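Residues per chain, in single letters:
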Amino acid sequence: MADLTPDAALRHLVGWGLVGGPTEPLALGSEPGLGSLAEFHQVPGVVLAAVDGGAVTDLDPTLVDDLTARHLRLLHRTLAVEADLVVVARRLAETGVDIRVLKGGATAHLDYADPALRLTSDVDLLVRDEDLDVATEAVADLVDRGATVPDRRAWWTERYGKDRTLTLRSGGELDLHRMTAPGFHGLVEHHDWFADPDSFSIAGTELSAPSVADRFVHAVAHAGYTDHVRYHSIRDVPVLLEAVGDRWRDEVERRRHWRGLLARGVDVVWARLELAPHPLREWAARVEPDRRERFALRTYELPGSRQHWGGVAAVGPWRWPGLLAAIALPS
């Protein structure tokens, strides 16, 4: 195909084997730019697996070598992230802090046939509100304070923030989440993400993640609010959709305040991966967010921390000065 773009080729390859993904092999040959784009989206291993699975009819061997080198480089980084995860998890366990591993750190081991196909670049852990300070103090000696960007204000993170980001001495990054979404959606969410955990282990260390249904909902929501969606992340949605099966309907329906966010996440995934029609996509097309959520969703289109402005729809007016002042005038 003379007019094939690197993104179109990558979309075909990362969608291969997914629910609603392409089923006809692509004549690819040598595609300049495919390797670098696959590395940006952290999916060179997924591309190689698709090639092995018959997703293309022709591929330049030098491109395979390039993708292999890029995958190994990213895999080394992911292994370093997992080493950080083990060290931090052990430290928090010693302190008595209960955690749930979020996003790629969990889905790679619980939802992918081969963990090497779901790469990740940082450690994401969910802690309970009351444990955020305890967890922060427990890992203090592991943190590079000079490289860590401080909270806009510590009390603001503890009341309104989604997470606290810490740069580790290893060079890795640790996100201690107290909410699973920013702004309005995090503040109105009262779901127990610690219930019914799934377990896995790395290097003999037992770890817990939210249930498969919660991992599915979180993956969809993440696609809806983030402004830097990459293929390695949005692939989680069809992977987890297959895992939850017909339960998806109950999961999205019972998150009343999240329906608009989840519908947006579904739209993003289906548009980026160009998946075939599915009842979940039809559900998303029928969703009509209420006025508060419509306002909150518009803030997700703003850059950076401005997405937190949607929090005013979730808290009383007497809390607006505290919520907004630290966003506009951080310490």
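Just above, that's the structure.
Predicted model, so just to flag it, every value in this text is computed and none were measured.

**Side note on the nonpolar core**
Argument step 1. Within the largest apolar cluster, 64 residues are counted, with the highest numbers of intra-cluster contacts made by Leu13, Leu28, Phe216, Trp258, Leu280 and Trp283.
Argument step 2. If one sorts the elements of this core by residue count, helix H9 (residues 212-225) sits on top with eight residues.
Argument step 3. Each residue touching tryptophan 283, except ones within four places of it in the same chain, is listed here: Trp248, Val252, Glu253, Arg259, Leu262 and Ala263.
Argument step 4. If you look at the next biggest cluster of nonpolar residues, it comprises 27 residues, including Leu92, Val101, Leu168 and Phe200.

**With respect to the pattern of salt bridges**
Argument step 1. Summed over the entire model, instances satisfying the criterion amount to 24 salt bridges.
Argument step 2. A salt bridge links aspartate 124 to lysine 103; the nearest nitrogen and oxygen atoms lie 3.6 Å apart. Of this pair, aspartate 124 sits in strand E4 (residues 123-126) while lysine 103 is found in the loop between strand E3 (100-101) and helix H5 (104-110), placing the two residues 21 residues apart along the sequence.
Argument step 3. Here the salt bridges share partners, and the residues they tie into one network are Asp7, Arg11, Arg272 and Glu274.

**Points about helix H1 (residues 6-15)**
Argument step 1. Counting buried positions along H1 gives seven out of 10 residues, so the element sits mostly inside the fold.
Argument step 2. If you check which residues of H1 are buried, you get Ala9, Leu10, Arg11, His12, Leu13, Val14 and Gly15.
Argument step 3. Contacts from the buried residues of H1 go to strand E1 (26-29), helix H2 (34-40), helix H3 (44-52), strand E2 (56-59), helix H10 (231-234) and helix H13 (259-273).
Argument step 4. One or two positions beyond H1, positive phi appears at glycine 17, with a value near 85°.

**Details of the packing of aromatic side chains**
Argument step 1. This structure, assessed with the given rule, holds three aromatic pairs.
Argument step 2. Aromatic pair tryptophan 156 and tyrosine 160: ring centres 6.1 Å apart, planes at 50°, arrangement tilted. Note that tryptophan 156 and tyrosine 160 are positioned in helix H7 (residues 154-160) at a spacing of four residues, about one turn of the helix.
Argument step 3. Their ring planes at 45° and their centres at 6.1 Å tell us that tyrosine 225 and tyrosine 300 sit as a pair that is tilted.

**Comments concerning the environment of aspartate 124**
Argument step 1. Judged by relative accessible area, aspartate 124 falls into the buried class, the value being 4%.
Argument step 2. Among the polar contacts made by the side chain of aspartate 124, one reaches the side chain of histidine 177 at a distance of 2.9 Å.

**Some remarks on the side chain of arginine 215**
Argument step 1. Turning to its location among the elements, arginine 215 is positioned in helix H9.
Argument step 2. Setting aside residues up to four positions removed in sequence, arginine 215 forms contacts with Ala106, Thr107, Leu110, Asp111, Asp198, Ala209, Pro210 and Leu240.

**Details of the packing of H9 against H13**
Argument step 1. Closest axis-to-axis distance for the H9/H13 pair is 7 Å, and the angle between their directions is 80°. By the angle class used here, H9 and H13 are roughly perpendicular. Touching Val217, Val220, Ala221, Ala223, Gly224 and Tyr225 of H9 are Leu261, Leu262, Arg264, Gly265, Val266, Val268 and Val269, all from H13.
Argument step 2. When its residues are assigned to classes, the contact of H9 with H13 shows 10 nonpolar, two polar and one charged.

**Examining unusual backbone geometry**
Argument step 1. In this structure, glutamine 42 takes a positive phi of about 60° despite not being glycine.
Argument step 2. Mapped onto the fold, glutamine 42 is located in the loop between H2 and H3.
Argument step 3. The class of glutamine 42 is buried, set by a relative accessible area of 5%.
Argument step 4. Phi is positive for glutamate 274, close to 50°, though the residue is something other than glycine.
Argument step 5. Tracing the sequence through the fold places glutamate 274 in the loop between H13 and helix H14 (279-286).

**Some details on the pairing of E4**
Regular strands show a simple pattern: their side chains alternate between the two faces of the sheet.
Argument step 1. Side chains Val123 and Leu125 of E4 all project onto a buried face; the interleaved residues Asp124 and Leu126 project onto the opposite face, where all are buried too.
Argument step 2. The pairing of E3 with E4 spans two bridges and is antiparallel. Paired with arginine 100 across the bridge in E4 is leucine 126.

**Digging into the pairing of strand E5 (residues 163-167)**
Argument step 1. Of all five residues making up E5, four are buried, and the element is well covered by its neighbours.
Argument step 2. Relative to strand E6 (residues 173-177), E5 runs antiparallel, the two being bridged by five bridges. By the bridge assignment for E6, threonine 165 is matched with aspartate 175.
Argument step 3. Connecting E5 to the antiparallel partner E6 that follows it, the hairpin turn spans five residues, and glycine 171 within it adopts a positive phi of roughly 100°.

Here is what the cut-offs are and how they apply
Each chain carries its own residue numbering, running from 1 in the written order of its sequence. For this predicted model, a pLDDT threshold of at least 70 governs which residues receive local features, and a threshold of 80 or more governs which side-chain atom pairs are given and counted, while totals over whole chains, interfaces and linings are taken from all residues. Working from all heavy atoms in the structure, the side-chain values ignore hydrogens and water. As used here, the term nonpolar core means buried Ala, Val, Leu, Ile, Met, Phe, Trp, Tyr and Cys residues forming a set that is joined through side-chain atoms within 4.5 Å. Burial classification: accessible surface area is computed with a 1.4 Å probe over protein chains only, and a residue below 20% of its type maximum counts as buried, one above 50% as exposed, and the rest as partly exposed. Going along the chain from the N terminus, every DSSP run of H or I of four or more residues is numbered as a helix, and every run of E of two or more is numbered as a strand. Only heavy atoms enter the contact rule, under which two residues are in contact if any of them lie within 4.5 Å. A carboxyl oxygen of Asp or Glu within 4 Å of a side-chain nitrogen of Lys or Arg is what we treat as a salt bridge. Stacked, tilted and edge-to-face pairs are distinguished by plane angle, under 30 degrees for stacked and over 60 for edge-to-face with tilted covering the rest, among Phe, Tyr and Trp rings (Trp via its six-membered ring) whose centres lie within 6.5 Å. Residues adjacent in sequence count toward polar contacts only when both atoms are side-chain atoms; beyond that, a polar contact is any pair of N or O atoms within 3.5 Å, and within protein one must be able to donate a hydrogen and the other to accept it. To obtain an axis, a line is fitted to C-alpha atoms, over the contacting stretch when the element is a helix, and the angle between two such axes runs from 0 to 180 degrees between their N-to-C directions. An angle counts as roughly parallel when it lies under 35 degrees, as roughly antiparallel when it exceeds 145, as roughly perpendicular when it falls between 65 and 115, and as oblique in every other case. Each residue is assigned to one class: nonpolar for Ala, Val, Leu, Ile, Met, Phe, Trp, Tyr, Cys and Pro, charged for Asp, Glu, Lys and Arg, and polar for all the others, Gly among them. DSSP calls a pair of strands paired once it identifies at least 2 bridges connecting them.

The quantities given are spatial measurements derived from coordinates; they are silent on function.
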